[in-house]
Amino acid sequence: MKKSILTLTILGIISALLLSFVYQLTTPLIAERQDQDKKGVVLAVLPESSNYRVVEKNGVTLYEGNKEGEVAMIASGPGFGGTIELIVGANPFLRQIYAVKVLSHSETPGLGSHITGEEFEKNFINKPFGDYQVVKRPAVDPLEVEVITGATVSTEMVVNIVKNAMNQMLVAYGFNPIDVTSAPITTGATDATTGATDTTGSATVTTGATVTTGATDTATSATDTSTGASSAGGGEE
Amino acid sequence: MKFLKIFKNGLWDENPTFRIVIGMCPTLAITNAAINGLVMGLATAFVLLTTEIIISLVKKLIPENVRIPSYVLIIATMVTTVDYFLQAFLPGIASALSLFIPLIVVNCIILGRAEAFASRNSVTDSIADALGMGLGFTWALLLLSSIRELLGSGSIFGYTILGAWYPPMAIMLLPAGAFISLGILIGFMNFISRKGVK
Amino acid sequence: MEQFTHILLLFVSTVLVNNFILVRFLGICPFLGVSNQIGTAFSMGLATTFVMTLTGMASWLINTFILEKFGLQFLETVTFIIVIAALVQFVEMFIKKTSPVLYKALGIFLPLITTNCAILGLALIITSEAYSFIESVVFGFAAGVGFTLAIVLMAGLRENLEFADVPGVLKGVPITLLIAGIMALAFMGFSGLIAM
């Protein structure tokens, strides 16, 4: 009995020592790899930047490119099979989206998983900010996104996340958010938006920002409701 | 001669996937792309090789009654090592295999061979056994994942084989496709070996 | 109330949408090996559910109070497998002492559970999803229920298969896998039911 316990203890100690050594050895490598991956991902959606810095505005982490106005943001939301995480590269001052790339998802392979494909990513390359709509035919208008066959829910969810990210970005830079269809139009919010659409360039006054924050909150919660509704009937994928 | 005989045993006669049918979880779960199947197979083979070597070396030092816990401890240590190295050097594949790398610990092939073979045989024989079983598992995973990737995405190792004319069968990438293709494949292997006997 | 709805959703999604066997591919070995008869399959499911609930509890406690607290995440796999082995041993001893009837029903399955990858998988998922204590326990229990559901359904089908004329080369494992494939297709209908 004594010998058994001794053997297990010695094995346990050897194992712990070996693993802590492996851990020490690989952790910096893994961290470095992740940093590089993140860098690659951020710069992939910012066309003219070669570097970026991380800033926090309004509780949102933003990656500001060294080219003036280029900003990337990681956003996530519920999809058909799980959380979808994507990165949006945009210019909130020019109100333009550069590109959208899905970072992780658990959509159905072969159907919803097409949200990572080039074909789908084209929908958001160099497009204006706006109220994107999912259509069941080839897209004509820049604000239209053609549905992925067999994955209506996945397509709608990605569009929702992009719209949310777009508005969060606008708010972070002191602009008013754009009205999106999934949000019920409250008078206060509409007024604020209409008032602010004219504003260009520099940041608006603080009061404006407070109003917008309120407006985004309603917008966000409204999107959540619609998410619940559409996924409840979501057997269609 | 004996080395070759033991080596061949795992490749075909007692192939873990097709003949003994163990280690099914990773076999079904991660074989939706050929590269995943290959890396999973090699990772398992590496763990099998190192644990069989260690166990055949220290088998006399381990008391009978704590044999299994000791083996599990050795296996878990090697698996964690592989896990960290994969994360550091092949991060893309490591995240695709995610949970199933640490789960090599409970892959019945490893503990099964440690208990049935390495604890009773010499180091050389254990190496032959580990290589045979490990590569036997690897080629089985590679075959299954190639078939699934070819039919499900029209490519192998990411290279398009079947052109645009081929409508990919998404079902091959789904859980259902994993069960069905492995079922047919094992049936086919039974067919071949039965013919061989007759 | 909201908490309750969340827990209920977690339960349903773990049992049906992300079924451990048919969607996550965890616990395939017993699923193929111990699904000949409904009776044994149910006992196996019961024993597994019991151990899974305990594992859910234990893995949360160990992860929160030992691994995270002392920065020992690299010992995760090693610790969990040892804890599971000890837990199974303990459960076996406990049942043997308290209920000989239950021990007779579950006894032979208990040692098999240690190498059931669904159990270690459960512990690892709980850590990576950063579940709370309540969530971990519910998740463990639900995973067990889902496991039992799948294995009992399979046993029911296989009992009927006794009377079918299966081609020789497909007898045993191959036909079981084909049936599992069709079951997995049916379970796909649940995906998208709940967006977690």
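Residues numbered from 1 in each chain as written. Chains lettered and ligands numbered in written order. Predicted model: local features only at pLDDT ≥ 70, side-chain atom pairs only at ≥ 80, totals over all residues.

A. Highlighting the overall build of chain C. In terms of regular secondary structure, chain C is built from 9 helices and 0 strands. Shown N-terminal to C-terminal, the secondary structure of chain C runs as helices and strands in the order α-α-α-α-α-α-α-α-α. For a compact globule of 196 residues, the expected C-alpha radius of gyration is about 16 Å, and chain C comes in at 18 Å, within 12% of that figure. With the C-alpha coordinates of chain C rotated into their principal frame, the extents come out at 60 × 45 × 35 Å. Long-range pairs, those at least 24 residues apart, make up 82% of the contacts in chain C between residues at least 6 apart in sequence. (Helix = DSSP H or I, 4+ residues; strand = E, 2+ residues; numbered from the N terminus. Rg over C-alpha atoms; globule rule 2.2 N^0.38 Å. Contact = placed C-beta atoms within 7 Å.)

B. The arrangement of the overall build of chain A in detail. Helix and strand counts for chain A stand at 5 helices and 8 strands. When its helices and strands are written in sequence order, chain A yields α-β-β-β-β-β-α-β-β-β-α-α-α. Counting all 237 residues of chain A, 38% fall into the buried class. Sequence separation of 24 or more characterises 56% of the internal contacts of chain A that already satisfy a separation of 6 or more. (Buried ≥ 20, exposed ≤ 12 C-beta atoms within 10 Å, placed from the backbone.)

C. Quick peek at the interface of chain B and chain C. The interface of chain B with chain C comprises 32 residues on the first partner and 29 residues on the second. Of all the secondary structure elements, the ones that give two or more residues to the side of chain B that touches chain C are helix H3 (24–29), helix H5 (67–89), helix H7 (108–118) and helix H9 (175–197) of chain B. Per-element tally for the side of chain B that touches chain C: the top contributor is H9 of chain B, with 11 residues. In terms of residue class, the side of chain B that touches chain C is made up of 26 nonpolar, 5 polar and 1 charged. (Nonpolar A, V, L, I, M, F, W, Y, C, P; charged D, E, K, R; others polar.)

D. Focus on the confidence of the model for chain C. Residue and element names in this part refer to chain C. Of all residues in chain C, 97% attain a pLDDT of 70 or more, and the chain-wide mean is 88. Element-level mean pLDDT values for chain C span from 78 in helix H5 (residues 100–106) up to 95 in helix H8 (residues 133–161). What the predictor reports for the complex is a pTM of 0.81 with an ipTM of 0.88. (pLDDT = per-residue confidence, 0-100.)

E. Spatial organisation of the pairing of strand S2 (residues 60–65) of chain A. All names here are of chain A. Taken together, the 6 bridges between strand S1 (residues 52–57) and S2 define a ladder with antiparallel strand orientation. Residue pairing in the sheet places lysine 57 in a bridge with valine 60 of S2. Note: S2 against strand S3 (residues 71–78), 3 bridges, orientation antiparallel. Bridged to leucine 62 within S3 is methionine 73. (Pairing = 2+ DSSP bridges.)

F. Main features of the nonpolar core. The biggest cluster of nonpolar side chains holds 125 residues, and the ones touching the most others in it are Ile75 of chain B together with Leu120 of chain C. Per-element tally for this core: the top contributor is H8 of chain C, with 13 residues. Excluding residues within four positions of it along the chain, isoleucine 75 of chain B makes contact with Val47, Thr51, Val105, Ile110 and Leu111 of chain B. (Core = buried A, V, L, I, M, F, W, Y, C linked by C-beta atoms within 7 Å.)

G. The packing of helix H1 (residues 2–13) of chain B against helix H8 (residues 123–153) of chain B, seen in detail. All names here are of chain B. At their nearest, the axes of H1 and H8 sit 7 Å apart, and the two run at 25° to each other. With respect to each other, H1 and H8 are oriented roughly parallel. The element H1 and its partner H8 pack so that their crossing is right-handed. Residues Phe3, Ile6, Phe7, Lys8, Asn9, Gly10 and Leu11 of H1 pack against Thr124, Asp125, Ala128, Asp129, Leu131, Gly132, Met133, Leu135 and Gly136 of H8. Of the residues contributing to the contact of H1 with H8, the split by class is 8 nonpolar, 5 polar and 3 charged. (Axes fitted to C-alpha atoms, helices over the stretch in contact; angles between N-to-C directions. Parallel < 35°, antiparallel > 145°, perpendicular 65-115°, else oblique. Left-handed = near helix turned anticlockwise from the far one by under 90°.)

H. Expanded view of unusual backbone geometry. Positive phi values are uncommon outside glycine, yet arginine 95 of chain A reaches one of about 55°. On the neighbour-count criterion, arginine 95 of chain A (17 C-beta atoms within 10 Å) is partly exposed. Backbone geometry places valine 21 of chain B, a non-glycine residue, at a positive phi of 55°. Along the chain, valine 21 of chain B turns up in the loop between helix H2 (16–20) and H3. Judged by the 22 C-beta atoms lying within 10 Å of it, valine 21 of chain B falls in the buried class.

I. Quick peek at the sheet that holds strand S4 (residues 83–91) of chain A. Residue and element names in this part refer to chain A. Ordered by their spatial adjacency, 6 strands build an open sheet running S1-S2-S3-S4-S5-S6, and the pairing between neighbours is antiparallel. Since the sheet does not close on itself, it has two edges, and those belong to S1 and strand S6 (127–128), each with one partner. Strand contacts of helix H3 (residues 152–172): S1, S2, S3, S4 and strand S5 (96–104), with the helix running at about 135° to S3, the strand carrying the most contacts.

J. Quick look at helix H7 (residues 117–129) of chain C. Between its first and last C-alpha atoms H7 of chain C spans 18 Å; for 13 residues at 1.5 Å apiece the expected length is 18 Å, and the two agree. With 10 of its 13 residues buried, H7 of chain C lies for the most part within the structure. Those residues of H7 of chain C that fall on the buried side of the exposure criterion are Cys117, Ala118, Ile119, Leu120, Gly121, Leu122, Ala123, Leu124, Ile125 and Ile126 of chain C. Residues of H7 of chain C that are buried make contact with H3 of chain B together with helix H3 (38–67), helix H4 (76–98), helix H6 (110–114) and H8 of chain C. After H7 of chain C finishes, the residue alanine 130 of chain C shows a positive phi value of roughly 55°. (Expected span 1.5 Å × (residues − 1).)

K. A look at H8 of chain B. Residues and elements named next belong to chain B. Taking 1.5 Å of rise per residue, 31 residues should cover 45 Å, and H8 covers 43 Å from first to last C-alpha, within 8% of that figure. Among the 31 residues of H8, 22 are classified as buried, and the element is accordingly described as predominantly covered. Looking one or two places after H8, you find glycine 154, whose phi comes out positive at around 75°.

L. Inspection of the pairing of S4 of chain A at higher detail. Residues and elements named next belong to chain A. Most of S4 is tucked away: 7 of the 9 residues are buried. Taken together, the 8 bridges between S3 and S4 define a ladder with antiparallel strand orientation. Across the sheet, the residue bridging to valine 71 is alanine 90, located in S4. Between S3 and S4, which pair antiparallel and follow one another directly, the connecting turn spans 4 residues. Bridge count for S4 against S5 is 7 bridges, and the pairing is antiparallel. Paired with glutamate 85 across the two strands is serine 104, which belongs to S5. From the end of S4 to the start of S5, which pair antiparallel, there are 4 residues, and arginine 95 there has a positive phi angle of about 55°.

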